[in-house]
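Coordinates in review
So you can see what is in the structure, the chains are spelled out below.
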Amino acid sequence: MHSYGTLYKVDERYKIRFERDYAYSVEKVWDMVTQPQYFTQWYPFATGEMDLRTDGKIYFDDGEGTTYEAIITKFNPPHFFAFREIDDLLSIELNTEGDGCRLLFEHTFDDASMSASVAAGWHRCLDVLGMIIEGKPVEWLDNAASLRETYRETFSL
């Protein structure tokens, strides 16, 4: 499943939204989204240090000397997980859809010029999350450049 993200402008900020459907329960997908041993496989720079509660912190390390933390702004298992990473807002919502579930992923940010790169990056991360959910080996495809170009065209940048 490779559904593309969409870009919106909301109150002078930009939001990229992805929807992905899975043939698994909300609870199973929730674990793959939030549990540190899985989160660190699909989420960039995640260290696995997570205090999973509202106002809890998630710690990141880019591997090049920069560390930072995110603050969990909403944690409502197994349906909603949102956090603020510096000035960006990220949210993951899971809803039952038939026999499976739908994941809604949103990233809100300020710099429109970054839209294609941000979308391509999350597209790749969500593809890896899908591999984890499906129980497949994680494989980061070498498709970042082609995805950036696709999103530049799609977003008319």
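Here is a short report on the structure shown in this document. Model, not experiment: these values are computed from the prediction. (Residues numbered from 1 in each chain as written. Predicted model: local features only at pLDDT ≥ 70, side-chain atom pairs only at ≥ 80, totals over all residues. Heavy atoms only, no water.)

Quick look at the nonpolar core now. Nonpolar side chains tend to gather and get buried jointly when the protein is soluble and globular. The biggest cluster of nonpolar side chains holds 43 residues, and the ones touching the most others in it are Phe39, Trp42, Phe81, Phe83 and Leu103. A total of 11 residues in this core trace back to one element, the largest contributor, which is helix 3 (residues 115-133). (Core = buried A, V, L, I, M, F, W, Y, C linked by side-chain atoms within 4.5 Å. Buried < 20%, exposed > 50% of the residue type's maximum accessible area, 1.4 Å probe, protein only. Helix = DSSP H or I, 4+ residues; strand = E, 2+ residues; numbered from the N terminus.)

Glancing now at the sheet that holds strand 7 (residues 88-97). With antiparallel pairing, 8 strands are arranged side by side in an open sheet as 1-2-8-7-6-5-4-3. Pairing within the sheet leaves two strands with one partner each, and these edge strands are strand 1 (6-10) and strand 3 (46-50). Each neighbouring strand pair of the sheet contributes to a mean axis angle of 25 degrees, computed without reference to strand direction. Pairing between strand 4 (residues 57-61) and strand 5 (residues 67-76): 5 bridges, direction antiparallel. Bridging across to strand 5, Asp61 finds its partner in Thr67. Against the sheet, helix 1 (residues 26-34) engages strand 2 (13-22), strand 3, strand 5, strand 6 (80-85), strand 7 and strand 8 (100-109), with an angle of about 160 degrees to strand 7. Its contacts with the sheet put helix 3 on strand 1, strand 2, strand 7 and strand 8, and the angle it makes with strand 2 is roughly 20 degrees. (Pairing = 2+ DSSP bridges. Axes fitted to C-alpha atoms, helices over the stretch in contact; angles between N-to-C directions. Contact = heavy atoms within 4.5 Å.)

In this section: the state of the cysteines. Under the definition given, this model contains 0 disulfides. Left without a disulfide partner, Cys101 is nearest to the cysteine sulfur of Cys125, which lies 18 Å away. For Cys101, a relative accessible area of 1% corresponds to the buried category. For Cys125, a relative accessible area of 5% gives the class buried. (Disulfide = S-S within 2.5 Å.)

Okay, the environment of Ile72 next. As for its position among the elements, Ile72 is in strand 5. The exposure class assigned to Ile72 is buried, which follows from its relative accessible area of 0%. The sequence separation of Ile72 and Leu89 amounts to 17 residues, and the corresponding C-alpha distance is 9.8 Å. Other than its neighbours up to four places away in sequence, Ile72 contacts Asp51, Leu52, Arg53, Thr54, Asp55, Gly56, Ile58, Phe81, Ala82 and Phe83.

Right, let's get into the pairing of strand 3. Each regular strand carries side chains that alternate between the two faces of the sheet. Sheet topology note: the strand 3/strand 4 ladder contains 2 bridges and is antiparallel. The residue of strand 4 that forms the bridge with Met50 is Ile58. Linking strand 3 back to strand 4 in an antiparallel pair, the connection comprises 6 residues, with Asp55 at a positive phi of about 75 degrees.

Here we take up the pairing of strand 6. Among the 6 residues in strand 6, 5 count as buried, and that is most of the element. Judged from the 6 bridges that link them, strand 5 and strand 6 form a sheet pairing that is antiparallel. Within strand 6, the position partnered with Ala70 by the bridge is Glu85. Linking strand 5 back to strand 6 in an antiparallel pair, the connection comprises 3 residues. As paired strands, strand 6 and strand 7 are joined by 6 bridges and run antiparallel to one another.

Any functional reading would require information that these geometric values do not contain.
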